[in-house]
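Listed here are the chains, written in short residue letters.
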Amino acid sequence: MVNKIRLSIAKFAAKIASQVAKLGSGSGGNFPGHVFFKVAGQEALFDLSHEMKVGPILVTGTNGKTTTTTLLIKLLSHDTEIRKSFENNTINSITTGILKGKGDIGVFEYGIRNKTYGIPDTIQRLVDPIGVVYTTISREHSQVAGIKNPFDEYVEAKTLLSKNMTKGIVISNADDPLTANIAINKQKDIKVNFYGLDIDDIDDIFEGSNSLNCPNCGKKLEYSQKFLNHRGIYGCSCGFKRPELNVKLVDADFKTDEWDLTIEGELYNYTNNQDVSFNVVISVPPFGFHNIYNTLASITAYASFTPRIENIENTIRDIFNNLDMSFIPPGRFEVVKIDSNKYVGLGQGDNGDAARINALFMDQYIDGPLEFIYTTPDVNEEEIFEDHLKVIKSLNPEHVIVVPGRKSIEKAEEYYNIIAEEFDAVFYPLSYEKMGERIDKLVQLAQDSKYNYVIMTGCGEEQEMWENIKQKLIKR
Ligand SMILES: [Zn+2]
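Parameters and conventions
Residues numbered from 1 in each chain as written. Predicted model: local features only at pLDDT ≥ 70, side-chain atom pairs only at ≥ 80, totals over all residues. Heavy atoms only, no water. Pairing = 2+ DSSP bridges. Helix = DSSP H or I, 4+ residues; strand = E, 2+ residues; numbered from the N terminus. Axes fitted to C-alpha atoms, helices over the stretch in contact; angles between N-to-C directions. Donors = N, O, S within 2.8 Å, 3.2 Å for Na, K, Ca; no water. Tetrahedral: all angles 85-135°; square planar, octahedral: opposite > 155°, others 65-115°. Buried < 20%, exposed > 50% of the residue type's maximum accessible area, 1.4 Å probe, protein only. Left-handed = near helix turned anticlockwise from the far one by under 90°. Contact = heavy atoms within 4.5 Å. Nonpolar A, V, L, I, M, F, W, Y, C, P; charged D, E, K, R; others polar. Domains from an automatic or database assignment. Core = buried A, V, L, I, M, F, W, Y, C linked by side-chain atoms within 4.5 Å. Phe/Tyr/Trp six-rings, centres within 6.5 Å; stacked < 30°, edge-to-face > 60°. Lys NZ or Arg CZ within 6 Å of the ring centre and 35° of its normal. Patch = residues over 30% accessible without salt bridge, like charges linked within 9 Å, V, L, I, M, F, W, Y side chains within 5 Å. Areas by Shrake-Rupley, 256 points an atom, 1.4 Å probe, with all protein chains shown as cover. Salt bridge = Lys/Arg side-chain N within 4 Å of Asp/Glu carboxyl O. Lys, Arg positive; Asp, Glu negative; His and termini not counted. Charge placed at Lys NZ, Arg CZ, Asp CG, Glu CD.

**With respect to the sheet that holds strand S19 (residues 453-458)**
Moving on, step 1. Spatially, S14-S15-S19-S16-S17-S18 is the arrangement adopted by the 6 strands of the open sheet, whose pairing is mixed. Looking at which strands have only one partner, the edges of the open sheet turn out to be strand S14 (334-338) and strand S18 (425-427). Shown here is a sheet whose adjacent strand axes are inclined to one another by a mean of 20°, direction ignored.
Moving on, step 2. Here strand S17 (residues 399-404) pairs with S18 via 3 bridges, running parallel. Bridging from a neighbouring strand, Val 400 pairs with Ala 425 of S18.

**Here we look at the coordination of the zinc ion**
Moving on, step 1. Listed as protein donors to the zinc ion are Cys 214 (SG), Cys 217 (SG), Cys 236 (SG) and Cys 238 (SG); their distances from the metal cover 2.2 to 2.3 Å.
Moving on, step 2. Around the zinc ion, the 4 donor atoms sit at angles spanning 100 to 115°, and that spread fits a shape best called tetrahedral.
Moving on, step 3. Using a relative accessible area of 38% as the deciding quantity, one classes Cys 217 as partly exposed.
Moving on, step 4. On the basis of relative accessibility, which here comes to 14%, the residue Cys 236 falls in the buried class.

**Quick notes on the packing of helix H4 (residues 65-79) against helix H9 (residues 290-305)**
Moving on, step 1. One way to put it is that H4 packs onto H9 with a least axis distance of 8 Å and a crossing angle of 35°. The handedness of the crossing between H4 and H9 is right-handed. Along the contact surface, H4 presents Thr 67, Thr 68, Leu 71, Leu 72, Leu 75, Leu 76 and Asp 79, while H9 presents Asn 291, Asn 294, Thr 295, Ala 297, Ser 298, Ile 299, Ala 301, Tyr 302 and Phe 305.
Moving on, step 2. Considering only residue class, the contact of H4 with H9 consists of 9 nonpolar, 6 polar and 1 charged.

**Examining the domain arrangement of the chain**
Moving on, step 1. Domain assignment breaks the chain into domain 1 (50-327) and domain 2 (334-475).
Moving on, step 2. Using C-alpha coordinates to define each centre, domain 1 is positioned 28 Å away from domain 2.

**Overview of the nonpolar core**
Moving on, step 1. Residues Ile 57, Ile 263, Phe 278, Ile 292, Ile 316 and Phe 320 are the most contacted members of the largest nonpolar core, which totals 51 residues.
Moving on, step 2. With 9 residues, H9 is the largest single contributor of residues to this core.
Moving on, step 3. Setting aside its immediate chain neighbours within four residues, Phe 320 contacts Leu 71, Leu 75, Ile 282, Ser 283, Val 284, Thr 295, Ser 298 and Ile 299.
Moving on, step 4. In terms of nonpolar packing, the next biggest core, distinct from the first, is built from 45 residues, Ala 10, Ile 98, Ala 174 and Ile 190 among them.

**Some words on the packing of aromatic side chains**
Moving on, step 1. Tallied over the entire structure, the rule returns 17 aromatic pairs.
Moving on, step 2. Taking 6.0 Å as the distance between ring centres and 65° as the angle between the ring planes, the aromatic pair formed by Phe 36 and Phe 37 counts as edge-to-face. By the burial criterion, Phe 36 is buried, and Phe 37 matches it.
Moving on, step 3. Measuring from centroid to centroid gives 6.1 Å for Tyr 223 and Tyr 234, while their planes differ by 65°, and the two rings are edge-to-face. Here Tyr 223, found in strand S9 (residues 222-228), pairs with Tyr 234, found in strand S10 (residues 231-235); they are 11 residues apart in sequence, far enough to count as distant. Per residue, the accessibility class of Tyr 223 equals that of Tyr 234, and both read buried.
Moving on, step 4. The ring of Tyr 223 has Lys 226 sitting right over it, with the charged end atom 4.6 Å from the ring centre.

**Describing a negative patch on the surface**
Moving on, step 1. Together, Asp 200, Asp 201, Asp 251 and Asp 253 make up a negatively charged patch on the protein surface.
Moving on, step 2. Secondary-structure assignment places Asp 253 in strand S11 (residues 247-254).

**Some thoughts on unusual backbone geometry**
Moving on, step 1. Positive phi, normally seen in glycine, also occurs at Asp 128, with a value near 50°.
Moving on, step 2. Along the chain, Asp 128 turns up in the loop between helix H6 (120-127) and strand S4 (131-134).
Moving on, step 3. What makes Asp 128 buried here is its relative accessible area of 17%.
Moving on, step 4. A positive phi angle is found at Asn 229, which is not glycine, with a value near 50°.
Moving on, step 5. Looking at the element boundaries, Asn 229 is found in the loop between S9 and S10.
Moving on, step 6. Assessed through its relative accessible area of 5%, Asn 229 is described here as buried.

**Focus on the pattern of salt bridges**
Moving on, step 1. This structure, assessed with the given rule, holds 22 salt bridges.
Moving on, step 2. Measuring nitrogen to oxygen at the nearest pair gives 3.8 Å for the salt bridge that ties Lys 188 to Asp 189.
Moving on, step 3. Overall, Asp 189 belongs to the partly exposed group, its relative accessible area being 39%.
Moving on, step 4. Measuring nitrogen to oxygen at the nearest pair gives 2.8 Å for the salt bridge that ties Lys 255 to Asp 260.
Moving on, step 5. By relative accessible area, Lys 255 is classed as partly exposed at 33%.
Moving on, step 6. Assessed through its relative accessible area of 16%, Asp 260 is described here as buried.
Moving on, step 7. One salt-bridge network, in which partners are shared between bridges, spans Asp 350, Glu 381, Arg 406 and Glu 461.

**Structural notes on the environment of Ile 312**
Moving on, step 1. Position of Ile 312 among the secondary structure elements: in helix H10 (residues 312-321).
Moving on, step 2. Residues Ile 312 and Phe 108 lie 204 residues apart in sequence; the distance between their C-alpha atoms is 21 Å.
Moving on, step 3. For Ile 312, the contacting residues outside a window of four places in its chain are Val 276, Phe 278, Tyr 302, Ala 303 and Thr 306.

**With respect to the sheet that holds strand S7 (residues 169-173)**
Moving on, step 1. Within the open sheet, the 9 strands sit side by side as S2-S3-S1-S4-S7-S8-S11-S12-S13. Their pairing is mixed. The open sheet terminates on both sides in strands that have one partner only, identified here as strand S2 (82-85) and strand S13 (274-284). Averaged over all adjacent pairs, the angle separating strand axes in this sheet is 15°, with direction ignored.
Moving on, step 2. Pairing geometry for strand S1 (residues 55-60) and S4, over 4 bridges, is parallel. Paired with Val 59 across the bridge in S4 is Val 133.
Moving on, step 3. Lying on the sheet, H4 is in contact with S1, S2 and strand S3 (105-109); it crosses S3 at an angle near 165°.
Moving on, step 4. Sheet strands touched by helix H8 (residues 177-186): S4, S7 and strand S8 (191-197). Its angle to S7, the strand with the most contacts, is close to 155°.

So this is what it looks like as structure tokens:
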């Protein structure tokens, strides 16, 4: 317990800091959290977090964090006042979110790259979440700050965020063996709510998906149905299998201008300490298959924590039936129509899973020869390149343009040489330091492409690069 007076002084200082940050330019967003720690110390976050009577919910995973957090904020805010932060992934941004907001429930995005550059166990102890939401886990940034980041350590770091929870709910994607395994191991301590797909007619519609090894015993998993990359219905001779679903997609009608999704739920609500059930049909924009998972994750977390359980079906319908594509975070993949008949799909795809999802989304539009503008990973990211190469091959472009996506031009050229063995390809050695020039050239390449179908994805700084390119392309 931190001294009460010190806690109030720290909150006061943070409030001043928040006003100063408003006047200053740029990155003042997390300044209040920073000031709070300076005055009260990191341990004070425990008391601050407990000012929320119900408690905080943390959203984590490799892909889908920001979108799931955004949707969950929309849903819970419909029913009650909440505190929140998203897009930033640090202890400072969570603290700032608690300080700036009001309400007894908090929703915070939290990303963890590894144990050294994230502090999941400390976050768990200090924030003391009543909910941890796992979206999906796949290999990404295989190096952090120049050091290799082995995948098992990455998974372990994600596990630590909920490992010591003794109350609340873990919410997990049941179709992803890695997130399911984390949640199955928590079932002995606390409640777990699983979400996933319960649809017979989707079976491995996406070719070339990866199969995972069993997280329990290491043998290759057997899949009876594949939905999206490594997500599906799986089992292993050791007994590990996809868990029963609490919230599930039971029907889907994929029309060209909207998708009708039927979702059923039967799960435990923490805030009211009782079981709830619901059944809704929602009509959403054709927002890509991966966003079905983000929708299910947000609905499961919402139904697990809303204080107004009588509202569940109405709130879900209100939010999703009025959804437009602006809920997609900056820099993420979108297909933009430029000129009268040219489609450019562009956005971040800096891990294999994300790049494949982008390719699938683009695939809905492709009706002729394709040009692939590929932005490469860095040194020590050969695994990412291997995953990317599979994605390029699956789209079989007529022409490939290779540009460095991160710092190393030499490494990008190595990757280019591998691509050029199989595809008609060209390399542009654009430098990281002159990001403005890199962005302008990428815009020009897409604009001047003689192809009607262009996909531009791979590695690159989310907002600085992708969002800039997108804005410039739309403006022209
Ligand atoms: Zn096994």
